[in-house]
Amino acid sequence: MNLVEEESDPKKDHINEIILSEDVQRAIEQVLQSSDPLDQPDFNPTDYINQLFPNEQSLSNINEVIAKMECDISLIDDNIRSVVRGQVNTGENGRVALKEAQQSLTQLFSLITDIKSRAEKTEDMVKEITRDIKQLDSAKNNLTYAITTLNHLHMLVGGVENLKRLSERRQYGEVLNPLQAIIEVNQHFQQYSEISQIQTLSAQVQQIQSELATQITDDFKNFFSPTSHSNANRMTLTQLKDACQVASVLDKPVKKNILKWFINLQLQEYVQLFHENQDIAWLDKIDKRYAWVKRHLLDFEEKFGTVFPTDWEVSERITVQFCSVTRDELSKIVARRRTEIDVKLLLFAIQKTANFEQLLDKRFNGTTLVEATSEEVRQERGSFTNLIGSCFKPYLDIYTDSIDRELAALIEQFAQQNQQMVVPKEINPGIIPNCADLFVFYKKCMVQCMQLSNEKPMYDLVLLFKRYLREYAIKVLEARIPKPQPPNSTTSSISSSMSLLTKDFQNLSTAAGQVIHNFLKEGETPRFSSEDMRKICYILATAEYCLETVQQLEDKLKEKIDKQYIAKVDLSDEKDVYHRIISNCIQLLVHDLDAACEQSLLLMTKIAWHSISNVGDQSGFVNQIITNLKQTVPVIRDNLANSRKYYTQFCHKFVNSFIPKYINTLYRLRPTSSGSSSASGSAALVASASSSSISEGANGASTGGNILGCEQLLLDTHSLKTVLMDLPSIGSQVQRKPPASFTKVVVKGMAKAEMIIKVVMQPIHPASLYIEQYLKLMPESNVVEFHKILEMKNVRKIEQQQLVEAYKRACPQHQQQQQPQHQQTTASSSASGTLGASGGENSGSAPQTSETISGGNSTQSQQIAAAAAAISGAGSSIMALGDSLMDKGRIKKIENLIKNRLPN
């Protein structure tokens, strides 16, 4: 309990509260650091008293507390008084200090003013002292300039006379230094050109330069003229060397004209010797041109190499002019005699020219090429490359035409070789050797064309490469892909079978079964031999190599060709051709293995599943499928060891083809029965030819019955699933985990097959429970599949309609929308299985297989389908007649009926 309570009376505190800002408060705390509660800015008297006297017992020492506070108050009062007294004289002291500061500033200003006035007086004194010195210095400069000018004038006047005398005597060695000095002095006096005497002297200097230029040019012509050897006044080589030095000092046109005349003189013999009418001027002797200039340059440098200054680059100038003349002459002669040029001659000329240009690049630095007037030379400034060879560029189509002919012959040679193509015996034989030969030839052509030109000829070569890549694919690879030939004796075999039927009436059932067996055997898809499969893998590996190499070829061509053609280099069409070959090879391998499995699926349809009394090991058709896989897949795997991705693609395509066929075969089975047995083997096949017997059996079947057939099918399906999961490594000692995408396809497809069998095993009563179980097991099904499953269960037509209506009400709407698509698929399947539609559940897939074999041969397919219909009709008629066939009077009628239904 607090002894002091706060009161609400506003008059309790008559002392005004002092509120200080935060900055002032922080400053006070920094100066007067104290932990006393009385010094805190948020001091509360009530809280402080309650802290001193928390209870009534603490009031016993109140007197001591009051005495202590009174002592503190006295101490504070003393401090306040001392501070107040100390501040009494503060104002007076401040005024005295301010006055002293003002006096100091006044004294400082007066000192600065005095210093400034003294500096001005000193500056005036210095100017007065140096005034005479400046005048003397200016006079000295003027005098020096006047003396220099007079000396130059004296040199100019005396030099002009001296130059006239020396030039008349042709003393060019002594003329050089005075001439340089006079030219410089004359340039100095150009600012005084308004003075008549200076004008006269300048005109004399110009006249002397002109006379020297004419005189030196005439001396050069006289020295190198044919008659100069007998002339007594002929200049010496030393004088000629000094004349060249003088010509370098004179105007540039003097040197240029002398060089032009001299170079033309040096090449005069070459122009006459290699005139276009001369035999030596033709391309087959082009190396003689280059041999001539080599000899001439050696002779020139030996005789006159020391005469001409080094910076004149006379040898290089002669060579550049030689190249220009040669290019023009070759252009004219090649244009005139184009028909006489063959590729061998053209390449010879280009090679010799390129070698000569490379030699020139090593010998000269190319500084004089800048002065060339030819536009072609300017493009190759600083290099002799194509300085002559550019004249051959318009005729490089001769080269590309030759490459065209060589490639055509090479492809024909490869095609002839492949007619006797033998796959190497070792495992993984690699690629066809001539494929590597083709790309080696391509590389050689590309390198050779790069030396000739990387512009339009290179692009023409690209077009040739594209064309013959397609030719190689069609004539060499596609032409050698094995193609199984469908049997041509189908009709004759059927006729012989029918003859057997008419002859053997003692065992009619066996005879009819033999007829259908012969037909099915004739309808089997021809299988590839092991050698054919190795050939297909051999071609596939070659196509893969071509595909990879074509991509590398495209990249290299884009790297080498000129920029303007890069966008036009596109080998995508050629790569598509090899992609197609690879896809065709894979499809052939898949179809071959698929055909082998179809016979096993046909055997599957001949088993009386509804009559199975116990579930044992896997069925015979499963063993056949496994045997076919173990015989075929290892051969393909070993021969595609270096093409793993395409082997994996083969496995993908096979399971995508086999699993739907297996499921369609399941739909054709009747694995459940109320206990009635049916014939098996060939007798079952003949019995199935009677549609009336099938209908009665179906309508009489009960929804519940023997499901051991379903259990056996479930076991067989699981066995197939296990084998297919291991398909990539089947028959291999090295086990590899199959790709996840492959495993997913197998699991999904075979799971559907298992669900179909499990649905068939379920009783259909009550209907609502059956449909509920059906939707759980097959959530992605549709009405068509539901109807097929009811057929597998031998449900009566009336009950089927009721169950279908109930299914439509129960299944989601989107599954019903998928029905038309599945109906189209079912229709196409039934169209390809004419025999199955006519012969009941035991009919095989022979017509479908026959259609697959025939490919685009529609006539043969129609004949086979007609034959199948005839056999089916004959079987139905035979079963309908029954025992009355023993009547000999009706045998003739049966023969006529069969003959009428056979194809003509």
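## Description of the overall build of the protein chain
Inference 1: For the protein chain, the count of helices and strands is 35 helices and zero strands.
Inference 2: Burial status across the protein chain gives 40% buried among its 904 residues.
Inference 3: Carbon and sulfur atoms form 52% of the exposed surface of the protein chain, whose accessible area is close to 51,000 Å².

## A word on the packing of helix α12 (residues 343–363) against helix α14 (residues 397–418)
Inference 1: Closest axis-to-axis distance for the α12/α14 pair is 9 Å, and the angle between their directions is 130°. Relative to α14, the element α12 is oriented oblique. Pair α12 / α14 crosses with left-handed handedness. In contact with V343, L346 and L347 of α12, α14 contributes I398, Y399 and S402.
Inference 2: Looking at side-chain class alone, the contact of α12 with α14 contains five nonpolar, one polar and no charged residues.

## Observations regarding the confidence of the model for the protein chain
Regions with low pLDDT carry predicted coordinates that are not meant to be interpreted in detail.
Inference 1: The pLDDT averaged across the protein chain works out to 74; a share of 72% of its residues lies at or above 70.
Inference 2: Segment residues 487–523: pLDDT under 50, and 48 contacts once partners within four positions in sequence are set aside and those in other chains are kept.
Inference 3: Contacts from residues 674–704, a stretch scored under 50 in pLDDT, to residues over four places away or in other chains number 44 contacts.

## Remarks on the nonpolar core
Inference 1: In terms of nonpolar packing, the biggest core is built from 182 residues, with Y472 and Y578 touching the most fellow members.
Inference 2: Not counting residues up to four positions away in its chain, the partners in contact with Y472 are I411, F414, I432, N434, C435, L438, L477, T542, C546 and Y578.

## Section: a nonpolar patch on the surface
Inference 1: On the surface, L20, V24, I28, V31 and L32 cluster together into a nonpolar patch covering about 460 Å² of accessible area.
Inference 2: Assignment of secondary structure puts V24 in helix α1 (residues 22–31).
Inference 3: The class of V24 is partly exposed, set by a relative accessible area of 38%.

## With respect to the pattern of salt bridges
Inference 1: Counted by the stated rule, this structure contains 28 salt bridges.
Inference 2: We note a salt bridge from D284 to K285, for which the minimum N-O separation is 3.4 Å.
Inference 3: The exposure class assigned to D284 is partly exposed, which follows from its relative accessible area of 38%.
Inference 4: Here K285 falls in the partly exposed class, since its relative accessible area comes to 28%.
Inference 5: When the shortest N-O distance is used, the salt bridge between D594 and K661 registers 3.0 Å. One end of the pair, D594, is in helix α20 (residues 572–606); the other, K661, is in helix α22 (residues 644–667), with 67 residues separating them in the sequence.
Inference 6: Judged by its relative accessible area of 23%, K661 is partly exposed.
Inference 7: A single salt-bridge network, built from bridges that share partners, covers E412, E471 and K475.

## Some points on the packing of aromatic side chains
Inference 1: A complete count under the given rule lists 25 aromatic pairs for this structure.
Inference 2: Consider the rings of Y270 and F274, whose centres lie 5.1 Å apart with planes at 40°: the pair is tilted. F274 shares its class with Y270; the two are buried.
Inference 3: Considering the side-chain rings of F786 and Y807, the 4.5 Å spacing of their centres and the 10° angle between planes classify their relative orientation as stacked. Residue F786 is located in helix α28 (residues 783–792), and its partner Y807 is located in helix α29 (residues 797–810); the two are separated by 21 residues in the primary sequence.
Inference 4: An aromatic cluster of at least three residues, connected via ring pairs, comprises Y270, F274, Y290, W292, F322 and F356.
Inference 5: Taking NZ or CZ as reference, R337 lies 4.0 Å from the ring centre of W282, over its face.
Inference 6: The ring centre of Y459 lies 5.6 Å from the NZ or CZ of K568, which sits over that ring.

## Brief notes about the environment of R480
Inference 1: Topologically, R480 is positioned in the loop between α16 (456–477) and α17 (490–503).
Inference 2: As for R480 and A415, which are separated by 65 residues in sequence, their C-alpha atoms are 8.8 Å apart.

## Quick notes on the environment of I756
Inference 1: Structurally, I756 can be placed in helix α26 (residues 740–761).
Inference 2: Take I756: its relative accessible area is 0%, and that puts it in the buried class.
Inference 3: For the pair I756 and F786, spaced 30 residues apart in sequence, the C-alpha to C-alpha distance is 9.6 Å.

## Here we look at unusual backbone geometry
Inference 1: For the peptide bond that leads from H765 to P766, omega is -5°, which places it in the cis range.
Inference 2: Inspection of the secondary structure puts P766 in the loop between α26 and α27 (767–777).
Inference 3: Not every positive phi belongs to a glycine, and E313 is a case in point at roughly 50°.
Inference 4: Within the fold, E313 resides in the loop between α10 (286–304) and α11 (314–336).
Inference 5: The partly exposed category is assigned to E313, whose relative accessible area is 25%.

## Some points on the packing of α20 against α22
Inference 1: Contact geometry for α20 and α22: axes closest at 9 Å, N-to-C directions at 30°. When the interaxial angle is binned, α20 and α22 end up roughly parallel. In this structure, the crossing between α20 and α22 has a hand that is right-handed.
Inference 2: Class assignment of the residues belonging to the contact of α20 with α22 gives a composition of 14 nonpolar, six polar and four charged.

## Quick word on the environment of S248
Inference 1: Relative to the helices and strands, S248 is located in helix α7 (residues 237–249).
Inference 2: For S248, a relative accessible area of 35% gives the class partly exposed.
Inference 3: Distance in space between the C-alpha atoms of S248 and P309 is 8.8 Å, their sequence separation being 61 residues.
Inference 4: Residue contacts for S248: discarding those within four places in its chain leaves P309 and W312.

Scoring rules and cut-offs
Along every chain, residues carry numbers that run from 1 in the direction the sequence is written. Local features in this predicted model are restricted to residues whose pLDDT is 70 or higher, and side-chain atom pairs enter the listing and the counts only when it is 80 or higher, whereas totals over whole chains, interfaces and linings include all residues. Computation of side-chain values: all heavy atoms of the structure, hydrogens and water removed. Numbering goes from the N terminus for both helices and strands, where a helix is a DSSP run of H or I of at least four residues and a strand is a run of E of at least two. Exposure categories follow from relative accessible area, calculated using a 1.4 Å probe and restricted to protein chains: below 20% of the type maximum is buried, above 50% is exposed, and the middle band is partly exposed. Computed with the Shrake-Rupley method and a 1.4 Å probe, the accessible areas treat only the protein chains shown as cover for residues. The angle between two axes is taken between their N-to-C directions and runs from 0 to 180 degrees, where each axis is a line fitted to C-alpha atoms and a helix contributes only its stretch in contact. Comment on the angle field: the value is read as roughly parallel under 35 degrees, roughly antiparallel over 145, roughly perpendicular from 65 to 115, and oblique elsewhere. By convention the crossing between two helices is left-handed if the near helix lies anticlockwise of the far one by an angle smaller than a right angle, and right-handed if it lies clockwise. Two residues qualify as a contact provided that any one of their heavy atoms is within 4.5 Å of a heavy atom in the partner residue. Gly is put with the polar residues, along with every residue not named as nonpolar or charged; the nonpolar set is Ala, Val, Leu, Ile, Met, Phe, Trp, Tyr, Cys and Pro, and the charged set is Asp, Glu, Lys and Arg. Summary of the metric used: pLDDT quantifies the predictor's per-residue confidence within the range 0 to 100. Among buried residues, those of type Ala, Val, Leu, Ile, Met, Phe, Trp, Tyr and Cys that are joined through side-chain atoms within 4.5 Å constitute a nonpolar core. To count toward a patch, a residue needs a relative accessible area above 30% and no salt bridge. Like charges then connect within 9 Å, nonpolar side chains (Val, Leu, Ile, Met, Phe, Trp, Tyr) within 5 Å. Here, a salt bridge means any side-chain nitrogen of Lys or Arg that lies within 4 Å of a carboxyl oxygen of Asp or Glu. The criterion for an aromatic pair is that two Phe, Tyr or Trp rings (for Trp, the six-membered ring) have centres within 6.5 Å, with stacked assigned to planes under 30 degrees apart, edge-to-face to planes over 60 apart and tilted to the rest. Both a distance and an angle decide whether a charge sits over a ring: NZ of Lys or CZ of Arg must be within 6 Å of the ring centre and within 35 degrees of the ring normal.

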